[in-house]
Amino acid sequence: MIGVFAAGERGRRAAGELAGFLGPDAVVPDGPIGPALRSLWPRLGSAVFFLGTEATVRLVAPLLRDERADPGVVCVDGGFAVALLGGADALAGRVADVLGAQAVTTSTSAASPLDELVELLDATVAGDLAACGEAVRLGEPVRLVNPLGFPLPALPENVVVDGGHEAAWTVLVDDRVPRGPVDERVVRVVPRTLVVGVGSSTGVAASAVSAALAQLEERRGLDPRAVRAFATLDRKVAEQGIADALEDWGFWHDSTTAPLLSYPGEELAVIPVPNPAELAIGIPSVAEAAALRGAVELSGGGRVEIAAEKVKGEGVTVAAARVLPRGRLALVGLGPGGADERTPRAEAELRRAAVVVGSAECVAQVRHLLRPGTRVAADGAVRLAEEGAAVAFVAAGAGPVVAGPVRADVVRVTGVARQL
């Protein structure tokens with residue numbers, strides 16, 4: 001939603017005219033600016049003020065919380081459309097075009113499709129994402145390497161996927177560590193795809209478990225930032241050496257969100273593994289089987305594979321399984337409410353989508369929210385998502401309904417604050 005704020009009859013008239021050009025998501029609130037701004041702020045994607053810059057800053061400053069989540073702010077002042085906050089350069093340009101004003105762009109870290117990619121994949125980043133994003137925004141050639149085939153948001157023409165041409169920057173989307181030195185103009189996006197299985201003898205030392213875990217990076221080339229969970233045999237959860245090693249791992253890798261999953265022996269015994277063995281506990285595998293079982297649980301019905309066969313240490317074995325990427329289908333209901341009630345979650349899903357599917361009427365309501373390069377289709381949402389695309393499927397009311405199982409990650413998004 002774009003809020004357009006102005007004081008006085010003349011200002012409100014100009015605000016209303018601008019809102020008409022900005023599209024159905026632009027609203028001009030009634031009443032005094034301050035209370036209206038505070039009420040709408042949590043739902044705003046952007047805000048335009050027909051006020052002086054100093055007055056605008058005084059209004060928005062108490063409301064700012066997070067530069068990644070705060071609305072973009074544009075101030076129309078004395079023949080200029082000034083991008084004050086939140087990567088609002090593009091909006092300032094649109095406002096300037098409508099009003100015949102001069103755009104003044106001020107942001108140095110405007111949001112780019114790379115930010116949407118990181119959020120879409122819930123990934124961590126190694127490298128200068130802001131500088132690479134600025135290169136994308138300026139139209140410099142950027143190469144995106146995606147060997148595992150993760151779903152991608154809409155990308156501008158200067159970002160070439162898996163292209164071999166000369167590029168100013170390279171973005172590598174992978175859960176593995178590159179071999180050799182990494183150029184400073186390479187940004188690594190690391191999705192959390194891995195489940196690490198741990199098996200051990202009774203009384204195993206924490207140092208032995210830690211040393212084995214380190215081998216997954218040193219010998220198998222897996223990035224520890226890609227670990228989503230650990231898994232083991234249920235009777236091994238009480239092993240103090242495992243618990244202490246995982247606590248130490250979380251400290252050194254700044255991660256407190258990777259749980260330890262556990263499974264009974266009868267479940268692990270039936271899982272095919274690449275390296276079965278005759279274990280004293282009567283099952284052919286713990287580390288590889290637990291990793292695969294945990295990955296299946298977290299995949300939501302998707303495909304999994306062994307990412308690293310077992311590594312043996314002193315009284316311990318570890319292995320890793322990968323949750324393979326698949327497409328994403330966001331079901332977005334546009335509801336009976338107006339644009340001023342649209343939720344930030346719905347707007348985020350629309351910005352992240354590579355393809356938006358829906359009727360011409362529904363797509364028209366959200367077209368101004370889409371990033372350049374977003375494809376629009378009238379149907380085929382399920383097929384596109386199952387082929388690996390990031391898809392937003394929009395419909396009136398509570399949103400579209402899809403029949404049968406879908407071989408993609410499906411999320412239902414409340415499009416407006418009030419639904420039928």
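Here, the structure is the one placed above.
This structure is a prediction, so every number in the text was calculated from the model and none was measured.

Caption draft 1: Up close: the overall build of the protein chain. From N to C terminus, the protein chain includes 13 helices and 21 strands. A burial count over the protein chain gives 50% of its 420 residues as buried. If you take every contact in the protein chain between residues at least 6 apart in sequence, the share linking residues at least 24 apart comes to 65%.

Caption draft 2: Layout of the packing of aromatic side chains. Inspection of the entire model under this criterion finds 3 aromatic pairs. Relative to W252, the ring of F251 lies with its centre 5.2 Å away and its plane at 85°, an arrangement referred to as edge-to-face. Of the residues examined, F251 reaches a relative accessible area of 61% and is grouped as exposed.

Caption draft 3: Looking closely at the side chain of D175. Structurally, D175 can be placed in the loop between β10 (169-173) and β11 (186-190). Within the local environment of D175, its side chain forms a polar contact with the side chain of T193, the two groups lying 2.6 Å apart. A polar atom in the side chain of D175 sits 2.7 Å from the side chain of R322. In this view, D175 contacts L148, V190, P191, T193, L194, L222, D223, A226 and R322; residues no more than four positions away in its chain are not counted.

Caption draft 4: Representation of the pairing of strand β4 (residues 72-77) within the structure. Counting buried residues in β4 gives 5 out of 6 residues, a clear majority hidden from the surface. Bridge count for strand β3 (residues 46-50) against β4 is 4 bridges, and the pairing is parallel. Within β4, the position partnered with F49 by the bridge is C75. In this sheet, strand β5 (residues 80-85) lies alongside β4 in antiparallel orientation, the contact comprising 5 bridges.

Caption draft 5: Spatial organisation of the pattern of salt bridges. One pass over the structure, following the stated rule, counts 20 salt bridges. Overlapping salt bridges, with partners in common, bring together E119, R328, E349 and R352 in one network.

Caption draft 6: Summary view of the environment of A377. Checked against the element boundaries, A377 lands in strand β19 (residues 375-377). Given the relative accessible area of 19%, A377 is considered buried. C-alpha of A377 to C-alpha of V363: the two residues are 14 residues apart in sequence and 9.1 Å apart in space. Beyond its immediate stretch of four places on either side in the chain, A377 contacts V355, V356, V357 and G358.

Caption draft 7: Spotlight on the nonpolar core. Core analysis: the biggest nonpolar cluster contains 24 residues, and V196, V209, L213, V316 and V318 have the highest contact counts within it. If you tally residues by element for this core, the top one is helix α7 (residues 206-218), at 5 residues. Among residues more than four places away in sequence, those in contact with V318 are G197, V198, A212, L213, L216, A287, E309, K310 and V311. One finds L120, L129, L152 and V171 within the second-largest nonpolar core, a separate group that totals 23 residues.

Caption draft 8: Focus on the sheet that holds strand β17 (residues 328-333). Here we have 5 strands laid out as an open sheet, ordered β19-β18-β20-β17-β21, and parallel in their pairing. With partners counted over all chains shown, the strands left at the sheet margins are β19 and β21 (409-413), one partner each. Adjacent strand axes in the sheet meet at a mean angle of 20° when their direction is disregarded. Relative to strand β20 (residues 390-395), strand β18 (residues 355-357) runs parallel, the two sharing 3 bridges. The residue bridging V355 from the neighbouring strand is V391, located in β20.

Reading the values: the criteria
Residues numbered from 1 in each chain as written. Predicted model: local features only at pLDDT ≥ 70, side-chain atom pairs only at ≥ 80, totals over all residues. Heavy atoms only, no water. Helix = DSSP H or I, 4+ residues; strand = E, 2+ residues; numbered from the N terminus. Buried < 20%, exposed > 50% of the residue type's maximum accessible area, 1.4 Å probe, protein only. Contact = heavy atoms within 4.5 Å. Phe/Tyr/Trp six-rings, centres within 6.5 Å; stacked < 30°, edge-to-face > 60°. Polar contact = N/O pair within 3.5 Å; in protein donor to acceptor, adjacent residues only side chain to side chain. Pairing = 2+ DSSP bridges. Salt bridge = Lys/Arg side-chain N within 4 Å of Asp/Glu carboxyl O. Core = buried A, V, L, I, M, F, W, Y, C linked by side-chain atoms within 4.5 Å. Axes fitted to C-alpha atoms, helices over the stretch in contact; angles between N-to-C directions.

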